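Below are the chains, spelled out letter by letter.
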Amino acid sequence: MSVRRYIRDLFTRQPDGPELAMAQWRALSRQIPLLYAMLVANTLIVAWTHVHVAPAELTIYIPAVLTFLCVVRTIGWWRSRNAQLSVGQARSRLLAMVWMAAGLAVGFTAWSLSLFPFGDAYMRSQIAFYMGITTIGCMFCLMHVRAAALVVGILVLFPFTLFFITSGQPTFIAIAINMALVITALLIILLGNNKDFAELVESRNAMVQRQLETQRLLDENHRLANIDSLTGLPNRRNFDQRLAAALAEAEITHCPIAVARFDLDDFKSVNQIFGHSTGDRVLIEVARRINALRRPDTFVARLDSNSFALVMQGPVDETSMADCGEKLCAAMRKPFDMPAGPIRLSASAGFAASCPGDTAHSLFDRADYANSAAKRNARGDAVVFLDQHASEITKVRRMEHLLHTAKLDDEIYILLQPQFDVALGVTTGFEALARWRSPVLGEVSPAEFIPMAERTGQICRITQIVLGKALAVSELLPAKMRLSVNLSANDIGSATAIEQIVARVSAHSKPCRLDFEITETAVMRDLDQANRSLLALLNLGARIALDDFGTGHSSLTHVQKLPLHRIKIDRSFVMEVTSDPASRAIVKTMVDLCRNLGISCVFEGIETEQQLEALVSLGGQVMQGYLFGRPMPPEEIEAYLARETKLRQLEARAVG
Ligand code: C2E
Ligand code: MG
Ligand code: MG
């Protein structure tokens, strides 16, 4: 770089980075009042000592003008001292400061040197001292702005040195040389400091940038840890935090909040039938629909696969919760347009409002209970947790406790319900149905205690007891008679439970005359384990029946894939077979399907002759229902079968 360019850059080059310009401006701002105060005070002192020897223009008017300029600048600075400057503004003010420094240096130098001839030797020394010391002071105040400090140093140094050297007076020549040396040294130091300052600002800026980047990464991590990546909704962790915070606020403001748990019904089958990518699209659309409906004070989160939750703040009462639930469920009933075609779904929601003293856990538990109540009794709709649910919970908890402490071997017993083949005119088997006679509660329906035992992990034990009792009864039945035992999803899904079942059946006398009844839900939970379990049961010589067919998301693929011997058509179809043409058509299809697959078909819950006639006309053959026999104690089986044989003999005689 040429010397000329170097010197030009020293004065004109703007600070490189915006941070440096801002830092220079901040440092200069702090020193400006000091600069002007020192300049004005020094000047007034010199003017005062010369007031009687020099003309008034030099001792009063010019100092007054210079002082006025300095005061105006100081006031201007004072007013704008808190202003937030942009980088551009800071840069232009720094440049203005360079020009201002140049102007003041020229003005004060000219004034000092014009005063010089009027004083005596002392006064002349004072002028030399004033110029030297004030220049050094000003350069220090301007040290952060390289160009301004250089301008002041140079614009004072040259005329000063020239003036005093040409004065011919040895003392002043010596002072001029001293001054030239000091100012030059000072300029070198200032240039060095200026460089250090720039580096300091740069490294501080780099540190700030690193801190910002670290913060950004922390924020991003925090966001990812709290967001469900598929739907973009807050996740369970975020929900837990928000619920706890909203409850704490509710405790203070005494305004209750509400929580909702919201599940898509049978979402699993969407994944199974249409594939996971379609399932994902459905979930994204679900999130969009919920978001579109939500009030600004409602927080929405995705808890897990098909389960969502809301935290509602603001006014909440039974009506507003029911309204919200209705809108949500209605939105979910609209078809989901997917590339594979429209998918129809429903969703069940449970709402609960907070009470004083609630914890996040207790409140969510109530919403969860309302959600299960919706699934049980109002599938596809919303249920608001009410007092009646609270007493239900108490009852359920009590029952759970009693089931837990029950002597199951004594309290669980079985009833047997006949399965009648209308073509052969004989009972071909019985279904073993569990009963619980609690010493405290009396008779408890399996519809109540079986799901409870599944929830509390006692079902496998109950299955063992029922199986043991059923095996004992099977000894007493005629050789060709089959006996059905129901298995729960927990049995099918557990390798240990199946091993225990296999061990118990194997320990019994052969051949195995058992049919195991399983449900589609049990199979769908874990298809691979279900297949392994069924194979183990088949190896025993047992047969497999698919129970309650038509109630779940019946999929023909299951029927084809599973090693089934029989399908049991659910009672709901039988109930409507006489009145609903659609039910008749479905029953006909099922009968044909079973025939084509070479498996038998049993109808459940036949109560009337009309139902029987309708089913027989559609090709039904094996029937189970109150019309043929209610579930009965094993002791009554013998009499039942004897009655049947007698009836057949009478019929045969009548025909003969
Ligand atoms: P399921 O296996 O489908 O049993 C048939 C149910 O329908 C029985 O109810 C039976 O009493 C009833 N039923 C039979 N015919 C008629 C009829 O004509 N009309 C009416 N209204 N009902 C009829 P139950 O015994 O109350 O059992 C209910 C459910 O509890 C069973 O349905 C089964 O899912 C479960 N369950 C019963 N015992 C056991 C068991 O030992 N293990 C397991 N895992 N579940 C069991
Ligand atoms: Mg059954
Ligand atoms: Mg059934």
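It should be emphasised that the depicted structure is a prediction, and the values quoted were computed from it without experimental measurement.

(A) Summary view of the coordination of the magnesium ion (ligand 3). Within the protein, Asp-547 (OD), Asp-548 (OD), Glu-604 (OE) and Glu-604 (OE) serve as the donor atoms for the magnesium ion (ligand 3), at 2.0 to 2.5 Å. All donors to the magnesium ion (ligand 3) come from one chain, and their sequence spacing reads D-D-x55-E. In this structure, the magnesium ion (ligand 3) lies 4.0 Å away from the magnesium ion (ligand 2), the two metals sharing Asp-547 as a donor. With Asp-547 in strand E13 (residues 543-549) and Glu-604 in strand E15 (residues 600-604), this pair connects stretches of sequence that are 57 residues apart. Judged by relative accessible area, which is 11%, Glu-604 ranks as buried.

(B) A look at a nonpolar patch on the surface. On the surface, Val-51, Ile-60 and Tyr-61 cluster together to form a nonpolar patch covering roughly 270 Å² of accessible area. With respect to the element layout, Ile-60 can be found in helix H3 (residues 56-79).

(C) Representation of the packing of aromatic side chains. Applying the stated rule across the entire model yields 14 aromatic pairs. Here Phe-116 and Phe-163 contribute two aromatic rings whose centre-to-centre distance is 5.1 Å and whose plane-to-plane angle is 90°, an arrangement assigned as edge-to-face. Taken together, the residues Phe-116 in the loop between helix H4 (87-115) and helix H5 (121-141) and Phe-163 in helix H6 (residues 146-165) connect sequence positions 47 residues apart. A relative accessible area of 6% places Phe-116 in the buried class. Relative to Phe-164, the ring of Phe-163 has its centre 5.4 Å away and its plane inclined at 80°; by these criteria the two rings are edge-to-face. Exposure remark for Phe-163: the relative accessible area of 26% places this residue in the partly exposed category.

(D) Main features of the site of ligand 1. As a structural note, the neighbourhood of ligand 1 is formed by 22 residues, with Gln-417, Arg-435, Asp-547, Glu-607 and Tyr-626 the closest of them. Between ligand 1 and the protein, one listed contact pairs an oxygen atom with a side-chain N or O atom of Asn-486 at 3.0 Å. Within the backbone of Tyr-626, one N or O atom sits 2.9 Å away from an oxygen atom of ligand 1. For ligand 1, whose unbound accessible area comes to 790 Å², protein coverage reaches 82%. Those elements giving two or more residues to the shell around ligand 1 turn out to be strand E9 (426-438), helix H15 (446-456) and E13. Its residues assigned to classes, the shell around ligand 1 shows nine nonpolar, five polar and eight charged.

(E) Structural context of the pattern of salt bridges. Tallied over the entire structure, the rule returns 26 salt bridges. Linking Asp-297 and Arg-295 is a salt bridge whose minimum nitrogen-to-oxygen distance equals 3.1 Å. Here Glu-517 makes a salt bridge to Lys-568, at a shortest N to O gap of 2.6 Å. Note that Glu-517 is positioned in strand E12 (residues 514-518) and Lys-568 in strand E14 (residues 566-569), a separation of 51 residues in sequence. For the pair shown, Glu-517 and Lys-568 are each scored as buried.

(F) Up close: the pairing of strand E8 (residues 412-421). When you tally the buried positions in E8, you get 10 out of 10 residues, the bulk of the element. Both faces of E8 are covered, namely the face carrying Ile-412, Ile-414, Leu-416, Pro-418 and Phe-420 and the face carrying Tyr-413, Leu-415, Gln-417, Gln-419 and Asp-421. With 10 bridges connecting them, E8 and E9 associate as antiparallel partners. Bridging from a neighbouring strand, Gln-417 pairs with Glu-431 of E9. Connecting E8 to the antiparallel partner E9 that follows it, the hairpin turn spans four residues, and Gly-425 within it adopts a positive phi of roughly 75°. The pairing of E8 with strand E16 (residues 622-624) spans two bridges and is classified as antiparallel. When the bridges of E16 are listed, Asp-421 appears paired with Val-622.

(G) Main features of the coordination of the magnesium ion (ligand 2). Bound to the magnesium ion (ligand 2) on the protein side are Glu-431 (OE), Asn-486 (OD1), Glu-517 (OE) and Asp-547 (OD), at distances that span 2.0 to 2.2 Å. Motif for the magnesium ion (ligand 2), donor spacing along one chain: E-x54-N-x30-E-x29-D. Here Glu-517 falls in the buried class, since its relative accessible area comes to 1%. The class for Asp-547 is buried, based on a relative accessible area of 7%.

(H) A look at the pairing of strand E1 (residues 258-264). The buried count for E1 comes to seven of seven residues, which makes it a mostly enclosed element. Side chains of E1 alternate between two faces, with Ala-258, Ala-260, Phe-262 and Leu-264 and Val-259, Arg-261 and Asp-263 buried alike. Where E1 lies against strand E3 (residues 307-312), six bridges are found, and the strand directions are antiparallel. Looking at E3, one finds that Val-259 is bridged to Val-311. Two strands pair when backbone bridges link them, and E1 and strand E6 (residues 347-353) are joined in this way by seven bridges, in the antiparallel orientation.

(I) Up close: the side chain of Ser-354. Within the secondary structure, Ser-354 sits in the loop between E6 and helix H12 (360-377). When sequence neighbours within four positions are dropped, the list of residues in contact with Ser-354 reads Leu-247, Pro-256, Ile-257, Leu-363 and Arg-366.

(J) Empty space enclosed by the protein, seen in detail. What the rule picks out here adds up to two cavities of 30 Å³ or more. There is about 200 Å³ of room inside the largest cavity. If you go around the largest cavity, you meet 17 residues; those closest to its centre are Leu-39, Ala-105, Phe-108, Cys-138 and Val-152. Among the elements of the structure, helix H2 (18-49), H4, H5 and H6 are those that each provide at least two residues to the lining of the largest cavity. With seven residues, the top contributor of residues to the lining of the largest cavity is H4. The residue inventory of the lining of the largest cavity, partitioned by class, reads 13 nonpolar, four polar and no charged. Lining the second largest cavity we find Met-143, Arg-146, Ala-149, Leu-150, Leu-187, Leu-190, Leu-191 and Asn-194. Elements supplying a minimum of two residues to the lining of the second largest cavity: H6 and helix H7 (170-226). By residue number, the principal contributor to the lining of the second largest cavity is H7, which donates four residues. Class assignment for the residues of the lining of the second largest cavity results in six nonpolar, one polar and one charged.

Thresholds, definitions, all that
Residues numbered from 1 in each chain as written. Chains lettered and ligands numbered in written order. Predicted model: local features only at pLDDT ≥ 70, side-chain atom pairs only at ≥ 80, totals over all residues. Heavy atoms only, no water. Donors = N, O, S within 2.8 Å, 3.2 Å for Na, K, Ca; no water. Helix = DSSP H or I, 4+ residues; strand = E, 2+ residues; numbered from the N terminus. Buried < 20%, exposed > 50% of the residue type's maximum accessible area, 1.4 Å probe, protein only. Patch = residues over 30% accessible without salt bridge, like charges linked within 9 Å, V, L, I, M, F, W, Y side chains within 5 Å. Areas by Shrake-Rupley, 256 points an atom, 1.4 Å probe, with all protein chains shown as cover. Salt bridge = Lys/Arg side-chain N within 4 Å of Asp/Glu carboxyl O. Phe/Tyr/Trp six-rings, centres within 6.5 Å; stacked < 30°, edge-to-face > 60°. Near = heavy atom within 4 Å. Polar contact = N/O pair within 3.5 Å; in protein donor to acceptor, adjacent residues only side chain to side chain. Nonpolar A, V, L, I, M, F, W, Y, C, P; charged D, E, K, R; others polar. Pairing = 2+ DSSP bridges. Contact = heavy atoms within 4.5 Å. 1 Å grid on protein atoms, 1.4 Å probe; cavity = no way out; pocket = protein on both sides within 12 Å on 5 of 7 lines; lining within 4 Å. Points joined across faces, edges and corners; volume = space filled by probe spheres on them.

Nothing here speaks to function; it is all geometry.
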